[in-house]
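# Summary of the model geometry
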Amino acid sequence: YTTRQHNLANFSIRIISEMVETPKSTKTLSLVSQEGDCYDVPIEVAKMSELVKTMIDNDLEDDAEAQEIPLPNVRSHTLVKVIEFCKQNTEDPMNDIEKPLKSANIHEVVQEWYANFVQVEQEHLFELILAGNYMDIKPLLDLTCATVASMIKGKTPEEIRKTFNIVNDFTPEEEARIREENKWCEEV
Amino acid sequence: FSFTMSHPYGIKPLGMCYIEGNDQCRRNGLGNFSKLNDETLLNIFSYFGGKTLAKMAVISKAFYVFSHFEELWKVQVIELLTSKNDSPTINFNKSWRSTFISLCSKHPPPLHNPIQIKNFYSDVLYQPFLCFNSPVKAEYLTTENIDRVSDLSRDKFITMYEIPNKPVILTDVVNRWKAAGKWDEEFLETFHGEMKVHAGGVNFTMKSYLKYAEEMKDDVPLYVFDKKFASKNQSLRDDYFVPEVFSDDLFGLLGDERPDFRWLIIGPKKSGSSFHIDPNGTSAWNAVIKGAKKWVLFPPSCVPPGIHPSTDGLDLAAPVSIMEWFMNYYQTHKQKNSSKFKGKMLECVVKEGEVLFVPRGWWHCVLNLDFTIAITQNFVSRVNLSYILNFLRDNPSNISGLPLSERPLLYEKFLGELKSFVEGKNSSDTILRNEVRRTVENHRKKSKTERKEKKEQA
């Protein structure tokens, strides 16, 4: 793969990363997306990803160029969001989301910044889940999974199928059997 | 080895998908979710309450199998009970899902037979079924390389086993207990049926636990591990005694403030404990009253294959199910001649009437081969005292068996009690007193020198 300078759209990210206090190490890493875009990220922020953690070369000199960490499974527009998340999580760690969800409104179960963070298209949300899984960032995975759960909670089966492109492959008899078995759910 | 049992819902392992070549059930039935892996789907499902979880079953066949996954319902039951009141007891009813429904509904409907789902492949959903039904192979049980002794004197025990820190099985102690030949399922149900017992973070009555043990199909069964059995039940306490060779009990000097130290263990076939080291640096003995236990042990310096402790010692990554460990690691390492574990792995099957000495710091995992009743105690003796003192001094955050707030205080408290014991006026056991005095003095000296060295280095 070839490395390219990150484009103007991501300029704001670079400014933020230079402004953040670096308590432990001034080292940065260069995270490289599927498309080859590079993002400089303080090492302490990048280490929120267990995957990145395992790839860090601890023997590099402090004044050496930022180590490149290839992330071929993560596209740029997702990686940008992931980095945003990790930064926020080092500054204001996400609260644990209680199980079971007390509300279908994600704003009621987690801090405002994080609730706003997941206000994205369904497809992008799923990409964030995949990235959280691949990069092994537990709070990101928990937030995105809880968000999907909140999108399901309270909806009717037909609404859920429509929202997520699910085919009802039951026969009417099978479906009736399951509904019968679930009658207890309707009890007060 | 051919596994011909079929999953009650028709779920097949992932590999079968490549042979049968039909993934439609998953693709159509999960829709946009099909790009996520099964663990992620279970993560999403873990945020649902019981009613939402149940309602998922009607969406599609793929959702149906996830919705009925027993592990999710086990969590729901435990959640529901712990949120209700302080020490609720479980009344298990054939499965975790039906147990939950019984708790929520005045007229629980009869549960239908599972709908057979064709062409659904998942290792994650298939695994618990596989583990529960995999037989304990005869090959797992053949090696016996731990000494069996009878008529062992205290001195012999100390020189041959406790000081070298080697395991040993005593064959002639437990059969002298009243419990021997007396304790079994019927006895426990009849005479102690209403006793509350603690198993895996939840409470049962003895009777309801025995029902659970009979009916359950968990791949990681809950087992009774009750630290209060002797204090709440004098009759059970009177049916056993601590073997003489293990009678040193220096933590006993702490009285009520001592860490947890004795447990009644009851579990069904294939329940057990995956690899761990016993708490606080202590040694232990484990006696089988009914049933049999397969043990695998590794010395302190040797982390078992497949086990990954974190650097701070507080976490452990390992296969959750012991059967999984046996299937994936045990045989591989026995067969490889170059294996670094060769010669280090000790094994035995402890039978009724036998008691195993588990030396301090040894890794061990235990598998009940049958419904098994056992008693275990951990102890601090004149021999292992210096190791425990070092442990308490150097690893206060790894101390267990005490409320969090008391852990940082344990080291000083224990030293204080040892001091009182050593200076005590009454003349009983002067040999023990002198040994303890010597050990504590050496420990203090070493601690002082080490502190000095650290200061000089800094």
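The next subject is the environment of F298 of chain B. Residue and element names in this part refer to chain B. Note on placement: F298 falls in strand β9 (residues 292-298). Considering only alpha carbons, one finds F298 and E79, 219 residues apart in sequence, at a separation of 36 Å. If we skip the residues at most four places from it in the chain, F298 touches F275, P304, P305, W325, F341, K344, M345, W362 and W363.

The next point concerns the nonpolar core. F33 and W177 of chain B are the most contacted members of the largest nonpolar core, which has 135 residues in total. Considering every element that reaches this core, the biggest residue donor is helix α7 (residues 138-152) of chain A, with eight residues. Once you skip the residues sitting within four places of it in the chain, W177 of chain B turns out to touch D239, Y240, F241, P243, W285, A287, I289 and I375 of chain B. In this structure, V380, L385, F391 and L402 of chain B belong to the second largest nonpolar core, which totals 21 residues.

Glancing now at the environment of E158 of chain A. All names here are of chain A. Residue placement: E158 occurs in helix α8 (residues 157-164). Here E158 falls in the partly exposed class, since its relative accessible area comes to 48%. Each C-alpha atom of the pair E158 and N168 lies 8.9 Å from the other, and the pair is 10 residues apart in sequence.

Residues and elements named next belong to chain B. As a packed pair, helix α15 (residues 385-394) and helix α17 (residues 430-457) sit with axes 10 Å apart at the nearest point and diverge in direction by 40°. Seen from above, α15 lies across α17 with right-handed handedness. Here L385, S386, L389, N390 and R393 of α15 come into contact with α17, specifically with V436, T439, V440, H443, S447 and E450. For the contact of α15 with α17, a count of residues per class yields four nonpolar, five polar and two charged.

Rules of the game
- Numbers given to residues run from 1 along each chain, matching the order in which its sequence is written.
- Chains carry letters and ligands carry numbers; both start at the beginning, A for chains and 1 for ligands, and go up in the order they are written.
- Only residues with pLDDT of at least 70 are given local features in this predicted model, and only at 80 or more are side-chain atom pairs given and counted; all residues enter the totals for whole chains, interfaces and linings.
- Derived side-chain values reflect all non-hydrogen atoms in the structure, with water molecules and hydrogen atoms excluded from consideration.
- Helix and strand assignments follow DSSP, with helices taken as H or I runs no shorter than four residues and strands as E runs no shorter than two, numbered in order from the N terminus.
- We call two residues in contact whenever any of their non-hydrogen atoms come within 4.5 Å of each other.
- Among the buried residues, those of types Ala, Val, Leu, Ile, Met, Phe, Trp, Tyr and Cys that are joined through side-chain atoms within 4.5 Å form a nonpolar core.
- Under the scheme applied here, a residue whose accessible area is under 20% of the maximum for its type counts as buried, over 50% as exposed, and between as partly exposed, the area being computed with a 1.4 Å probe on protein chains only.
- Working convention: axes come from line fits to C-alpha atoms, limited for helices to the stretch in contact. Angles between N-to-C directions cover 0 to 180 degrees.
- In this scheme the crossing of two helices becomes right-handed for a clockwise turn of the near helix relative to the far one and left-handed for an anticlockwise turn of less than a right angle.
- Here the term charged refers only to Asp, Glu, Lys and Arg, the term nonpolar to Ala, Val, Leu, Ile, Met, Phe, Trp, Tyr, Cys and Pro, and the term polar to all other amino acids, Gly among them.

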